[in-house]
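Descriptive structure summary
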Amino acid sequence: EPEVTQTPSHQVTQMGQEVILRCVPISNHLYFYWYRQILGQKVEFLVSFYNNEISEKSEIFDDQFSVERPDGSNFTLKIRSTKLEDSAMYFCASRSIAGGHYTGELFFGEGSRLTVL
Amino acid sequence: GESVGLHLPTLSVQEGDNSIINCAYSNSASDYFIWYKQESGKGPQFIIDIRSNMDKRQGQRVTVLLNKTVKHLSLQIAATQPGDSAVYFCAERARDSSYKLIFGSGTRLLVRP
């Protein structure tokens, strides 16, 4: 079964360092997303990406965050200067264009846990 | 704002019984709702969805009910199995959104053997 894969599974970094989280979405999917989940809290939307541009972003997704699709398979989230409060599980997700606006099949990866010290 | 916390409401059921998990959503403009299951250490997994023009939708062993009057969503799981033990989140999407999902705070389902 096709799946979204994320690397690394866990990254520990010092405050102020740059971090890049990587995702390989499902191959025929065209919509890509990043969500995050602080320990014990809700899953929160960060950004959606389609046709090589951001289509929507949340207030969390400030200038420290950026996304990129550097090639035909990878989708990355970069945090330029990490803060303690960036510690969370970051989930990449993708979905197919099939089903149009209402398809619920947003496939999530298993997440990358970021710990900022 | 949204309320968050470290303590999840927990529903404990006997294996074989039916489970009902409830969710209150916040935005009357939301047009699409989804239930996700999240097992420990994993990402959310799609269970079932429903559009705002429907009241009920059934899947395999699961049923979602939508009451727009009181902005309430429920997930019914028939003949609950140990593998159903997980945290369940409802999520809503605003009508004009590009798939920005707003997740609820989650309910932990524990299935007793």
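Notes on the structure in this doc start here. Since the model is a prediction, treat every value here as computed from it, not as a measurement.

**As for the overall build of chain A**
Looking only at helices and strands, chain A has zero helices and eleven strands in total. When the helices and strands of chain A are read in sequence order from the N terminus, they spell out β-β-β-β-β-β-β-β-β-β-β. The globule rule puts the C-alpha radius of gyration for 117 residues at 13 Å, and the 14 Å found for chain A is close to it. Taken along its principal axes, the extent of the C-alpha atoms in chain A is 40 × 25 × 25 Å. Taken over 117 residues, chain A has a buried fraction of 45%. Sequence-distant contacts, at least 24 apart, represent 54% of the contacts inside chain A between residues at least 6 apart.

**What about the overall build of chain B?**
For chain B, the helix and strand inventory stands at zero helices and ten strands. Element order for chain B, N to C, with α for helix and β for strand: β-β-β-β-β-β-β-β-β-β. Taking 13 Å as the expected radius of gyration for a compact globule of 113 residues, we find that chain B reaches 14 Å, a close match to that expectation. Dimensions of chain B along its principal axes, counting C-alpha atoms only, are 45 × 30 × 25 Å. Taken across its 113 residues, chain B has 44% of its residues classed as buried. The contacts of chain B with a sequence gap of at least 6 include a subset with a gap of at least 24, amounting to 54%. Summing over all exposed atoms, chain B offers an accessible surface of approximately 5800 Å²; the carbon and sulfur share of this is 47%. For chain B, the centre of its 13 positive side-chain charges and the centre of its 10 negative side-chain charges are spaced 2 Å apart.

**Concerning the sheet that holds strand β5 (residues 56-58) of chain B**
All names here are of chain B. Read from one edge to the other, the open sheet built from four strands follows the order β2-β7-β6-β5, with strand pairing classed as antiparallel. If you trace the sheet from one side to the other, it starts and ends with β2 (19-24) and β5, each paired once. Taking each pair of neighbouring strands and ignoring which way they run, the sheet shows an average axis angle of 15°. With three bridges joining them, β5 and strand β6 (residues 62-67) adopt antiparallel strand pairing. Within β6, the residue paired with R57 across the bridge is V64.

**Remarks on the sheet that holds strand β8 (residues 75-79) of chain A**
Strand pairing within a sheet occurs via backbone hydrogen bonds; the two strands may be parallel or antiparallel. All names here are of chain A. A sheet is described by the order of its strands in space; here four strands give the open sequence β1-β3-β8-β7, paired in antiparallel fashion. At either end of the open sheet lies a strand with only one pairing partner, and these are β1 (5-7) and β7 (65-68). On average, adjacent strands in this sheet sit at an angle of 20° to one another, irrespective of strand direction. Bridge analysis of strand β3 (residues 19-24) against β8 gives five bridges, and the strand direction is antiparallel. Of the residues in β8, the one forming a bridge with R22 is T76.

**Some words on the pairing of β2(B)**
Each regular strand displays side chains that alternate between the two surfaces of the sheet. Residues and elements named next belong to chain B. Burial along β2 is one-sided: the residues S19, I21 and C23 are buried and none of I20, N22 and A24 is. Where β2 and strand β7 (residues 72-77) come together, six bridges link them in antiparallel fashion. Opposite A24, over in β7, you have H72 as the bridge partner.

**Some words on unusual backbone geometry**
For the bond running from T7(A) to P8(A), omega is -5°, close enough to zero to count as cis. Notably, K71(B) is not glycine yet its phi reads approximately 50°, a positive angle. Mapped onto the secondary structure, K71(B) falls in the loop between β6 and β7. Even without glycine at this site, A79(B) takes up a positive phi of about 50°. For A79(B), the location among the structural elements is in the loop between β7 and β8 (86-94).

**Focus: the state of the cysteines**
Going through the model one piece at a time under the given rule, you end up with two disulfides over all chains. A disulfide bridge connects C23(A) with C92(A), and the sulfur atoms are separated by 2.0 Å. On the sign convention where negative is left-handed, the bridge of C23(A) and C92(A), at about -65° about the S-S bond, is left-handed. Highlighted residues: C23(A) in strand β3 and C92(A) in strand β9 (residues 88-95), separated in sequence by 69 residues. Take C23(A) and C92(A): they sit in the same class, and that class is buried. Put simply, C23(B) and C90(B) are joined by a disulfide, and their sulfur atoms are 1.6 Å apart. Taken together, the positions of C23(B) in strand β2 and C90(B) in strand β8 put the pair 67 residues apart, joining distant regions of the chain. This pair shows no difference in class: C23(B) is buried, exactly as C90(B) is.

Reading the values: rules and limits
Residues numbered from 1 in each chain as written. Chains lettered and ligands numbered in written order. Predicted model: local features only at pLDDT ≥ 70, side-chain atom pairs only at ≥ 80, totals over all residues. Heavy atoms only, no water. Helix = DSSP H or I, 4+ residues; strand = E, 2+ residues; numbered from the N terminus. Rg over C-alpha atoms; globule rule 2.2 N^0.38 Å. Buried < 20%, exposed > 50% of the residue type's maximum accessible area, 1.4 Å probe, protein only. Contact = heavy atoms within 4.5 Å. Areas by Shrake-Rupley, 256 points an atom, 1.4 Å probe, with all protein chains shown as cover. Lys, Arg positive; Asp, Glu negative; His and termini not counted. Charge placed at Lys NZ, Arg CZ, Asp CG, Glu CD. Pairing = 2+ DSSP bridges. Axes fitted to C-alpha atoms, helices over the stretch in contact; angles between N-to-C directions. Disulfide = S-S within 2.5 Å.

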